[in-house]
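For reference, the chains in residue letters:
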Amino acid sequence: MNFFRHRHTAFLGLPAVALLITIAGCSSADDNASVSVPSPNAKVTKLCQNLDKVLPRKVDGLGRKDPEPRSALTAGWGSPAIILRCGVERPPKMIDPKVALGDDPKAVGGTVNGVDWLMEKRDDGSNRFTTANRSAYVEVTVPKGRDASGMLVDMAASIKKAIPKGIAN
């Protein structure tokens, strides 16, 4: 018996087995997005919980599919997901004078159906929208290549209902 030949064959099989284990461990039938859950104060948390209760089941025709870990402070629609996070910190661009003057090519403010938004173009091609002039900041990230206009319209009523006008803490 040639011990080295059998050992060599077994040795060649180990990298393939390791590769299959790695691939299997990294793939999942559940393709929910993963997000960081904000940790706002109790007043903002309550507003965000109220928002979660009135968010639409569909946004821009996409069904709701919440990210992991599950939280009343986050929501998602579609795949790749439009992700909502409620109770985030104020984005630095919100107080940047360049944005207010329209001199920042990566950020602009606007109003859709009575909700004020700061829109930021991100380096990965996605867009991040953050509510302004509301008692809590609500951030919505829209994946690269997806039109955001329908999403902003679909979310306006829920945001107006749950997050009153005011200054976020």
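The structure under discussion appears in the preceding block.
Residues numbered from 1 in each chain as written. Predicted model: local features only at pLDDT ≥ 70, side-chain atom pairs only at ≥ 80, totals over all residues. Heavy atoms only, no water.

Asks: What exactly am I supposed to notice about unusual backbone geometry here?
Replies: Across the chain, the bulk of peptide bonds are trans and the bulk of non-glycine residues have phi less than zero. Here Glu68 and Pro69 are connected by a cis peptide whose omega angle stands at -10°. Note the cis peptide between Ser79 and Pro80, where omega equals 0°. Here Pro80 is to be found in the loop between β3 (74-77) and β4 (82-86). Of note, the phi angle at Asp60 is positive, near 50°, even though the residue is not glycine. Looking at the secondary structure, you find Asp60 in the loop between β1 (58-59) and β2 (62-63). With a phi angle near 60°, Asn133 is a residue other than glycine that sits in the positive phi range. Along the chain, the position of Asn133 falls in the loop between β7 (127-132) and β8 (138-142). (Helix = DSSP H or I, 4+ residues; strand = E, 2+ residues; numbered from the N terminus.)

Asks: Hey, could you run me through the pairing of β7 in this one?
Replies: The side chains of a regular strand alternate between both faces of the sheet. Burial of β7 is extensive: five of the six residues sit out of reach of the surface. As judged from the six bridges shared by strand β6 (residues 115-121) and β7, these two strands associate in the antiparallel manner. Paired with Leu118 across the two strands is Thr130, which belongs to β7. Hairpin connection from β6 to β7: five residues lie between these consecutive antiparallel strands, with Gly125 at a positive phi of about 95°. When β7 meets β8, the two strands line up antiparallel, connected through four bridges. Bridge pairing links Thr130 to Glu139 in β8. Connecting β7 to the antiparallel partner β8 that follows it, the hairpin turn spans five residues, and Asn133 within it adopts a positive phi of roughly 60°. (Buried < 20%, exposed > 50% of the residue type's maximum accessible area, 1.4 Å probe, protein only. Pairing = 2+ DSSP bridges.)

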